[in-house]
Amino acid sequence: MATKFTSSLRLVLQPTPDMRQALSETLEAYQQAMAILDRTKGANVVALHQAAYEEIRAATGLPARLVTLALRDHGRRKPGEIVADIPLDSKLFAVKGPDSVSIATLGGRIVLPYAASGYREGWADFAEARLVFAGSSICLYAGIQAGIHSKKEASMSNEGILARLGRVIAGVVNTAVDAAEASNPVAVAQQAVREIGAIAEEARAALGVAMAAGHRLKAKADDLDAEIRDLDEKIKVGLESGREDLARAATGVQIDLEAQRDALSKAILENAGEIADAEATLRSIASARADAMKRLEDARRAERAAPPAATPSQRNDRRLADALEAVERVTGVPSKPAMDGTAEVDELGRLQRQKAIEARLAAFKHGER
């Protein structure tokens, strides 16, 4: 099936030595898969799948999805061609944010930083992305579909979706239940709660996304902290062993990791603000529900003073109570204190970085680190 991508984005990956090794091992396994397919007879992809799929899986250990992509990719290559790239789909890679991407490797999924290098027109590849190895450089080319954002989404760009939900919910409840005095109170309130339920589910989903993002950010921050601490010990060992060249290289890596950690701290603070806003909106839903319950009780008292209601009204009454319970489930999120302040990350120039390396090494030499 042809892709719908109209352009592509080039991401220059910035892997650590361990990440680079994981990517290189995956490329070697993929090259082995291509070699197996070169010597396998098959008139089409189906025949190749039957003849070579299990052999590739057993010999290389590649993920099943990557083996399937290899079968299609083989038809685009010349026999014996040097393989220096790997096709990927949305299950094998994911852009996690403005500075990190997740890629499935032979040993598991890794998250590594990148620098965006610009867009290009067109995307003729059958795969959604392609990992390209060129000397010491490793890049990810990903297809981009233009015009995927709806007009509705654009119109909401100046306000948070959860803040909008809070206002809509409050407005629907108050207006609809007030109008019940001149009509069937249960029917009108039931319609209001249906609208509340739909919007509240959207709010709940948005909060879940924000909280999941927060967990990922904190996990990445913990990983960076552990790497920075580990480099402390490695630098000390290098200096004690008289290998200042190794200690210098490790110090440079450590400073780069600290710069990433500062940027991550800013993202964590912003995410905490998003979660706090979402929880505040859900608390406003609880307030709206309490107001609706009071008004509903007033309507019930008026009905009890009137002639006995028909059975359909009783059923509507029960359905209204069920709908209000659904809203109550949405409001059961404990509040968390918002985190104030933001961290600014200054870019280190070549001279600034070298100065920082020398200062760090001097601290190690004098036992101040």
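To start, this report covers the structure provided alongside it.

Rules of the game
- Residues numbered from 1 in each chain as written.
- Predicted model: local features only at pLDDT ≥ 70, side-chain atom pairs only at ≥ 80, totals over all residues.
- Heavy atoms only, no water.
- Pairing = 2+ DSSP bridges.
- Helix = DSSP H or I, 4+ residues; strand = E, 2+ residues; numbered from the N terminus.
- Axes fitted to C-alpha atoms, helices over the stretch in contact; angles between N-to-C directions.
- Contact = heavy atoms within 4.5 Å.
- Core = buried A, V, L, I, M, F, W, Y, C linked by side-chain atoms within 4.5 Å.
- Buried < 20%, exposed > 50% of the residue type's maximum accessible area, 1.4 Å probe, protein only.
- Salt bridge = Lys/Arg side-chain N within 4 Å of Asp/Glu carboxyl O.
- 1 Å grid on protein atoms, 1.4 Å probe; cavity = no way out; pocket = protein on both sides within 12 Å on 5 of 7 lines; lining within 4 Å.
- Points joined across faces, edges and corners; volume = space filled by probe spheres on them.
- Nonpolar A, V, L, I, M, F, W, Y, C, P; charged D, E, K, R; others polar.
- Parallel < 35°, antiparallel > 145°, perpendicular 65-115°, else oblique.
- Left-handed = near helix turned anticlockwise from the far one by under 90°.

### Quick notes on the sheet that holds strand β6 (residues 129-134)
Link 1 in the chain: If you walk across this open sheet you meet the 7 strands as β2-β6-β7-β1-β5-β4-β3, and the pairing is antiparallel. Whereas interior strands pair on both sides, the edge strands pair on one side only; in this sheet they are β2 (85-88) and β3 (93-95). Pairs of neighbouring strands in the sheet enclose a mean axial angle of 30°, with direction left out of account.
Link 2 in the chain: Sheet analysis places β6 next to strand β7 (residues 137-144), joined by 6 bridges and oriented antiparallel. Across the sheet, V132 pairs through a bridge with C139, a residue of β7.
Link 3 in the chain: Packing of helix α1 (residues 17-38) onto the sheet brings it into contact with β1 (7-13), β2, β4 (100-105), β5 (108-121), β6 and β7, and relative to β2 it is tilted by some 90°.
Link 4 in the chain: Contacts from helix α3 (residues 64-74) reach β2 and β6 within the one sheet, and its direction differs from that of β2 by about 115°.

### Digging into the nonpolar core
Link 1 in the chain: Formed by 41 residues in total, the largest nonpolar core has its most connected members in L13, L23, L88, I103, L131 and L140.
Link 2 in the chain: No other element matches the 9 residues that α1 contributes to this core.
Link 3 in the chain: Leave out the neighbours within four places in its chain, and L131 touches L13, L23, A84, D85, I86, L88, I103, I138, C139 and L140.

### Focus on the pattern of salt bridges
Any two side chains of opposite charge can pair, given that their charged atoms come close.
Link 1 in the chain: Applying the stated rule across the entire model yields 16 salt bridges.
Link 2 in the chain: Between D73 and R76 there is a salt bridge, with its nearest N and O atoms 3.3 Å apart.
Link 3 in the chain: On the basis of relative accessible area, R76 is assigned to the partly exposed category, the value being 49%.
Link 4 in the chain: Among the ionic pairs, D73 bridges to R130, the shortest N-O distance being 3.2 Å. Linking D73 in helix α3 with R130 in strand β6, this pair joins segments that are 57 residues apart in sequence.

### Quick look at empty space enclosed by the protein
Link 1 in the chain: Evaluation of the coordinates by the stated rule reveals 2 cavities of 30 Å³ or more.
Link 2 in the chain: Counted as a void, the second largest cavity has a volume near 30 Å³.
Link 3 in the chain: Along the walls of the second largest cavity sit T16, M19, P113, K220, L224, E227, L257 and Q260, which together make up its complete lining.
Link 4 in the chain: Residue assignment for the lining of the second largest cavity shows that the elements contributing at least two residues are α6 (185-240) and α7 (244-305).
Link 5 in the chain: Among the residues making up the lining of the second largest cavity, the classes are represented as 4 nonpolar, 2 polar and 2 charged.

### Here's the deal with the packing of α1 against α3
Link 1 in the chain: Two elements in contact, α1 and α3, have axes separated by 10 Å at closest approach and are oriented at 50°. Overall, the two elements α1 and α3 adopt an arrangement that is oblique. The way α1 lies across α3 gives a crossing that is right-handed. Counted together, T26, Y30, M34, L37 and D38 of α1 and L66, L69, A70, L71, D73 and H74 of α3 form the full contact between these two elements.
Link 2 in the chain: Per-class residue counts for the contact of α1 with α3 are 7 nonpolar, 2 polar and 2 charged.

### Digging into the pairing of β4
Link 1 in the chain: Of all 6 residues in β4, 6 are buried; the element is thus mostly enclosed.
Link 2 in the chain: Of the two faces of β4, the one lined by S100, S102 and A104 and the one lined by V101, I103 and T105 are each fully buried.
Link 3 in the chain: Here 3 bridges tie β3 to β4, and the two strands are oriented antiparallel to one another. Looking at the pairing, V95 lines up with V101 of β4.
Link 4 in the chain: Where β3 folds back onto β4 in an antiparallel hairpin, the turn is made up of 4 residues.
Link 5 in the chain: Sheet topology note: the β4/β5 ladder contains 6 bridges and is antiparallel.

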